[in-house]
Amino acid sequence: MTTQHFSVITIDGPSGSGKGTISSMLAQRLGWRFLDSGALYRLVALACQNHAIELDNVEAVVTIAAHLDVQFDTRTQITRILLEGEDVTDTIRTETVGNAASKVAAIPSVREALLARQRDFLGEPGLLADGRDMGTVVFPDAELKIFLTASAEERSKRRYNQLKDKGLDVNLADLLNEISERDKRDSERVVSPLVPADDAILVDSTGKGIEAVFQQVYSLCEERGLVKTGAHSAAAI
Ligand code: C5P
């Protein structure tokens, strides 16, 4: 039996490091598939909320994770995410769901239940995987692993500006506290903690604009021979 090999680039890092934006820009530019693994943890958290399941009821949370009814509709420019048929694209991005996601993500059997689902995203011409443990656990053989960071202060400021732009009333000190708490929970958990893979390249986005970070990451892809002739123009259509 032969196993098919697909190219994979992983981008891991903490919330607010810019990894979501950089990953989706890169997937588009390369014309590759895209896995936003954080969305899966957010979906589990939201499904628990919708079914009134307490997050400390581990067995019930794992059942939700194993039977998650989710569809990614990529026909529109922004992928729409449907949970049990309902469009939850915006709902899963709230701070409440993000915090609950980080709690369900600390349950080992939830992570196990989502493993195969994440690997199902593999395919031609390649996969860009964004998360916390993409390079360490889910795709350890990835061709290129990037660990994107930024200081907690800068990350909370970015989040503050995003939420302000959406017209939400937010407090910078509260956001910094929440981000620091989430970082701590993500880095100190026993399974798949947020740590760079041994062979990951560290990119610090503190004080840099998105374009500069994107160029740095794109150059790494070129150096590894991951940018095929034609990918550029195809993705730009
Ligand atoms: O990246 P995002 O903020 O959407 O992820 C939400 C939460 O899901 C994170 O705080 C983290 O706890 C969890 N997560 C994870 N492993 C991943 C992706 C996300 O534990 N690969």
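Residues numbered from 1 in each chain as written. Predicted model: local features only at pLDDT ≥ 70, side-chain atom pairs only at ≥ 80, totals over all residues. Heavy atoms only, no water.

As for the site of the ligand
Okay, so step 1: Taken together, 16 residues lie around the ligand, and Arg-42, Arg-111, Arg-132, Asp-186 and Arg-189 are the ones closest in.
Okay, so step 2: One of the side-chain N or O atoms of Lys-19 is found 3.5 Å from an oxygen atom in the ligand.
Okay, so step 3: For the ligand, a nitrogen atom lies 2.9 Å from a polar atom in the side chain of Asp-133.
Okay, so step 4: In isolation the ligand exposes 450 Å². Once the protein is present, 96% of that is buried.
Okay, so step 5: With 4 residues, helix α2 (residues 37-50) is the single largest residue contributor to the shell around the ligand.
Okay, so step 6: A class-by-class count of the residues in the shell around the ligand yields 4 nonpolar, 4 polar and 8 charged.
Okay, so step 7: No fewer than three residues from each of domain 1 (1-32 + 126-228) and domain 2 (36-124) sit in the shell around the ligand. (Near = heavy atom within 4 Å. Polar contact = N/O pair within 3.5 Å; in protein donor to acceptor, adjacent residues only side chain to side chain. Areas by Shrake-Rupley, 256 points an atom, 1.4 Å probe, with all protein chains shown as cover. Helix = DSSP H or I, 4+ residues; strand = E, 2+ residues; numbered from the N terminus. Nonpolar A, V, L, I, M, F, W, Y, C, P; charged D, E, K, R; others polar. Domains from an automatic or database assignment.)

So, the domain arrangement of the protein
Okay, so step 1: Per the domain assignment, the segments making up the protein are domain 1 (1-32 + 126-228) and domain 2 (36-124).
Okay, so step 2: With centres defined by C-alpha atoms, the gap from domain 1 to domain 2 works out at 18 Å.
Okay, so step 3: Each side of the interface is counted separately: domain 1 has 23 residues, and domain 2 has 22 residues.
Okay, so step 4: The largest contributions to the domain 1 side of the interface with domain 2 come from Phe-6, Arg-182 and Arg-185, which together make up 27% of the buried area. (Contact = heavy atoms within 4.5 Å. Buried area = accessible area lost by both parts, 1.4 Å probe.)

A look at the pattern of salt bridges
Okay, so step 1: Considering all chains together, one arrives at 12 salt bridges under this definition.
Okay, so step 2: Among the ionic pairs, Asp-36 bridges to Arg-93, the shortest N-O distance being 2.9 Å. Of this pair, Asp-36 sits in strand β2 (residues 33-36) while Arg-93 sits in the loop between β5 (86-87) and α4 (95-104); the two residues are 57 residues apart in sequence, bridging distant segments of the chain.
Okay, so step 3: Residue Arg-93 is classed as partly exposed on the basis of its relative accessible area of 30%.
Okay, so step 4: Taking the shortest distance from any N to any O, the salt bridge between Asp-73 and Arg-75 comes out at 2.8 Å. (Salt bridge = Lys/Arg side-chain N within 4 Å of Asp/Glu carboxyl O. Buried < 20%, exposed > 50% of the residue type's maximum accessible area, 1.4 Å probe, protein only.)

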